[in-house]
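# Summary of the model geometry
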Amino acid sequence: MKKILCTTAVAATMLVACGPKVPQLGDASIDEVIAAMTLEEKAHLVIGTGMAGFSGDSAVVGATKKLVPGAAGTTYPIERLGIPSVVLADGPAGLRIDPKREGDNQTYYCTHFPIGTLLASTWDQELVENVGKAIGNEVLEYGADVLLAPALNIHRNPLCGRNFEYYSEDPVVSGKIAAAYVRGVQSNGVGTSIKHFATNNQESNRMMNDARVTPRALREIYLKGFEIAVKESEPWTVMSSYNYMNGVYTSENPELQTTALRTEWGYKGMVMTDWFGGKDAVAQMKAGNDMLQPGVDKQYTAIVAAVKDGSLDETVLDTNVRRILEMILKTPRFKGYEYSNKPDLKAHAKVTRQSATEGMVLLENRNGVLPMTASVKNIALLGCTSYDFIAGGTGSGNVNRAYTVSLLDGLKNAGYTFGVDLKKTYEEYIKQENERNKPKGDDKLTAFLPTPRPTEMSVSSELMTQLVAKNDIALITIGRNSGEFIDRSLADFSLSASELALIRQTTAAFHAAGKKVVVVLNIGGVIETASWKQLPDAILCAWQGGQEGGNSVADILSGKVSPSGKLPMTFPVAWADVASSKNFPSEGRMSDFGFDRRNTDKKENLWDYTNYEEDIYVGYRYFDSFHKPVSYPFGYGLSYTRFEYSDAVVKPEADGFTVTLSVKNAGTVAGKEVVELYAAAPDAQKANKPEKELKDFVKTRELKAGESTKVTLKVKSADLASFDEKTSSWVVPAGTYNFLVGASSRDIRATLPVTVAASSVKANNIFKPQTALKTLTR
Ligand code: BGC
C-alpha cells in the first residue's frame with residue numbers, strides 16, 4: 001500500500017489521513033472542534049435526529065438501537081469529532097420513556113410525581129428541590145441527559161389544557177418553584193429545559209396563534225417567571241414555544257431569545273425549539289434558538305443553503321453550535337456515565353407520596369369534619385374517580401408509571417373499610433362508560449389526548465339508604481383530566497348534571513342521618529365551586545398527586561398529615577369573571593398540527609390571534625384590584641390547626657427589605673404554614689398598578705401544637721418596579737409602599753409601611769405589539 005507522506009504541505013489538506021489530529025470534543029477546545037466541522041456537520045448538529053411516530057428518539061443516526069426508547073429526541077452525533085448523541089426526554093411530572101422494550105424482559109417504569117400545579121401548591125421550595133432531585137436521578141439512571149421540564153407558563157385562564165403542568169397565575173410563584181425544581185434535577189449532573197418560552201398560555205391553535213401582549217404584561221407577568229428561573233437556577237436549556245408573540249414566532253424572535261434572555265438576564269445556556277416549532281430555520285438560528293427539535297430535512301437544507309448564499313453568516317451558526325457543544329460537554333453521556341437502568345423506584349414512591357400530601361389544598365372543613373375521627377371506620381366511597389384515580393395529565397406531561405394508587409386502595413391501605421363494597425359495580429360501570437366514550441378513529445394522537453370522564457353512575461334510593469345505614473361518612477371524588485393538544489371547555493369547568501346530582505343526593509341522605517360528606521377533587525385545573533361548595537362538609541382539592549395519589553389523600557383524610565397546601569391561583573365564582581375569558585375560547589379547542597406546514601404551507605389559513613387585553617390583570621391582580629368576589633382566593637388553604645402571626649417587622653437592607661415575623665401553631669395538632677408577602681404600591685389605582693403583588697413567600701417547618709417559629713421574607717427594592725413602556729424602563733416611584741403579610745391574598749395579617757426611594761433601570765425597547773391593544777386599566 002502506498003504510504004501518504006506527511007509533510008506540512010499536504011497536512012493542511014489531509015489532516016485526517018496524517019494521524020489522530022482531528023480535534024475531539026473534550027480534549028480539544030470548542031473553538032478547535034468548531035473549526036474542524038464542515039458546514040454540513042454544523043447544520044446537522046443544530047437540528048435533531050428526526051422523529052418517526054409520536055414519541056421516541058427514533059432516528060439515531062448510524063445506531064442500531066435507540067438510546068433510550070420513548071425519549072422525545074436526540075442530538076446529532078458526529079463520531080469523528082467525539083460528539084455523542086445526547087438524549088432529551090420529557091417531562092414535568094417525571095421522566096417519560098417507554099416502559100417496555102422489544103425483546104427485553106426488564107421494565108423501565110418511571111415514577112409519576114405530582115403535577116406541576118400541585119408542586120406549586122406546596123409553596124415549598126425545599127420540597128420541590130427534593131422532588132427535582134428524585135426526578136433527576138431517574139433521568140440519570142435511565143440514561144437520559146436533559147429533562148424537558150419544568151413548564152412554567154402562566155395560568156392565564158383556567159381552561160388552558162396544560163395548566164396542570166404549569167405552576168401558577170403568579171410569576172413569583174412560577175419562577176421560584178421552577179428554580180427549585182431545576183436546582184434539584186440538575187444536582188444529578190443532568191440538564192433541564194425550562195419551557196415554553198414564552199406566552200404559550202393556550203393549546204387552542206397553539207402553533208398558529210399570535211399572542212398579542214403589551215411589553216409591560218410580558219415583562220411583569222409572562223416573562224418574569226422565566227427571568228427568575230434563569231437567574232436563580234441556571235437551567236442548561238430553554239425551550240421556545242410554538243406560538244407567535246406579537247407577530248413573530250417566539251423561536252424566530254431575537255428580541256426574546258437573545259436581547260431579553262441573554263443580554264438582559266445573562267443566560268449562558270442553549271435554546272431549543274419545541275417539537276416542530278417555528279417555521280424558518282434560518283431565522284431561528286439568527287434569533288439565538290440554537291437547536292431545532294426534532295429536526296426535519298427541510299431545515300437542514302435551508303441552513304446549508306443560507307450559509308452558502310451568504311444570507312446566514314456562518315459565525316452565527318458557529319455560536320449556535322458552540323452552545324450545543326457546551327451543553328453536550330456537561331452531559332452524563334459525554335462523560336461516559338454508566339447508568340444502571342435501575343433507579344430506586346421504591347424510595348421515589350415515598351418522595352411522591354409525601355410531596356403530594358404537602359400540595360393538597362383543604363378548601364372547606366365545616367365543624368372540623370376532617371380529619372376523620374377514630375370513630376370513622378366505614379366509608380361510602382362514591383364517584384367513578386374514587387376507583388379510577390387520576391395520577392396526572394395527558395400528552396408529553398404524562399409518565400409511564402407502573403401503577404396508580406386509587407383512593408379506594410389508599411383508604412384500604414390506611415385501614416378503612418366500606419359498609420357496602422361498590423368496587424365491582426363501579427369498575428364494571430367505568431368499563432362500560434370508557435367503551436362508550438372511546439374515541440373514534442385510530443389516530444395515533446388519540447392516545448395522547450385526555451379521555452372523556454364517565455358520566456357519574458346514578459345511585460338508586462335503596463342503595464343510598466343502605467350506604468347511609470352501613471357507613472360513618474361519605475366520600476365523593478370528582479375527577480377531571482386534561483392534557484396537551486386541547487384546551488378544556490366550559491362544560492369541563494362546570495360540574496356536570498350527574499356530578500351535581502350525586503353530591504345533592506348524597507349530602508341530603510347523609511345529613512338527614514346526621515352523617516358527614518367530604519368531596520375530594522382529583523383535578524388538574526380550576527373548576528367551578530361557588531354554586532355547590534356549601535353542600536358537603538369538607539372539600540379537599542387533591543389535585544393530581546402522581547402514582548401514590550390515593551395514599552396521599554388517605555394520609556390527609558386520616559389526619560396522618562395536616563394539609564398545608566395553598567392555591568397558586570384563584571378559583572373564580574364563574575369562568576366569565578376571569579378577565580382573560582373575554583379572549584379565550586370556551587369550547588375546548590384543539591391545537592392545530594403544524595407538521596405538514598413545513599412541507600406544504602397549506603395550513604397557513606389557520607393563523608389566528610389572542611389579544612391579551614386584560615394586560616397585567618391576571619388572576620388575583622385582577623380580582624383584588626377590581627374588587628370582584630371569588631370562590632377561593634389566591635394563596636388560600638385551610639389546615640387542621642390554626643396559625644397566629646405576630647411581631648411582624650420590616651428592616652431596610654442594602655438592596656431592599658427584610659420582613660420577619662413569628663408564626664405560632666395556635667391549634668391542637670402539628671402543621672405547616674405558608675406565609676405570603678405582598679407589596680402595595682403608593683397610589684396604585686392612579687398609577688394603574690395592581691392592588692397588591694406577591695413578592696416572596698415561605699413555608700414553615702412542621703410546628704407542633706403551641707410551637708412558634710420565626711420566618712424571614714425578602715424584597716429587593718428593584719422588585720418593586722413596574723415596567724414603564726414610555727421610557728422602556730423598570731421604574732420604582734418614591735413613596736410609601738405597604739408590605740402586606742398574608743395567609744392568603746385576602747387574609748392580610750399585618751401591614752408594614754416602608755419608605756422607598758425612586759429608581760429607574762433602562763431596558764431594551766422591544767416586544768412592540770404590531771396592532772394596538774385595548775388594554776384593561778384600573
Ligand atoms: C410539547 C413539549 C414537549 C415536546 C417533546 C411537545 O409537544 O409541547 O412540552 O417537551 O413535545 O415531547
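Whatever comes next refers back to the structure up there.
Here we summarise the structure given alongside this text. (Residues numbered from 1 in each chain as written. Predicted model: local features only at pLDDT ≥ 70, side-chain atom pairs only at ≥ 80, totals over all residues. Heavy atoms only, no water.)

Once that is clear, we can look at the sheet that holds strand S18 (residues 608-611). Taking strand neighbours across the sheet as the criterion, the four strands line up as S10-S9-S7-S18 in an open arrangement whose pairing is mixed. Each edge of the sheet is formed by a strand with only one pairing partner; in this case those strands are strand S10 (248-249) and S18. (Pairing = 2+ DSSP bridges. Helix = DSSP H or I, 4+ residues; strand = E, 2+ residues; numbered from the N terminus.)

The next thing to look at is the site of the ligand. Taken together, 14 residues sit near the ligand, with Asp 90, Arg 162, His 196, Asp 274 and Glu 484 positioned nearest. Side-chain polar atom of Lys 195 to an oxygen atom of the ligand: 2.9 Å apart, as the coordinates give it. With respect to the ligand, the side chain of His 196 contributes an N or O atom lying 2.7 Å from an oxygen atom. Against a free-state accessible area of 310 Å², the protein chains account for coverage of 94% of the ligand. (Near = heavy atom within 4 Å. Polar contact = N/O pair within 3.5 Å; in protein donor to acceptor, adjacent residues only side chain to side chain. Areas by Shrake-Rupley, 256 points an atom, 1.4 Å probe, with all protein chains shown as cover.)

Along the polypeptide, Thr 74 turns up in strand S1 (residues 73-74). By relative accessible area, Thr 74 is classed as buried at 0%. In this structure the side chain of Thr 74 is engaged in a polar contact, spanning 2.5 Å, whose partner is the side chain of Thr 49. (Buried < 20%, exposed > 50% of the residue type's maximum accessible area, 1.4 Å probe, protein only.)

Secondary-structure assignment places Pro 332 in helix H13 (residues 332-335). Linking Pro 332 and Val 190, residues 142 residues apart in sequence, is a C-alpha distance of 6.7 Å.

Moving on to the sheet that holds strand S11 (residues 270-272). Across the sheet, six strands lie side by side as S1-S2-S5-S6-S8-S11; this open sheet has mixed pairing. Taken across any chain shown, the strands that pair with only one partner, and hence form the sheet edges, are S1 and S11. Where S1 meets strand S2 (residues 87-89), two bridges bridge the pair, whose relative direction is antiparallel. Within S2, the residue paired with Gly 73 across the bridge is Leu 88.

Of note, Thr 214 is situated in the loop between strand S7 (209-212) and helix H7 (215-222). Here the side chain of Thr 214 touches Asp 615 through a polar contact of 2.5 Å, side chain to side chain. Here Thr 214 is in contact with Asp 615, Glu 725, Pro 769, Leu 773 and Thr 775, once residues within four sequence places are set aside. (Contact = heavy atoms within 4.5 Å.)

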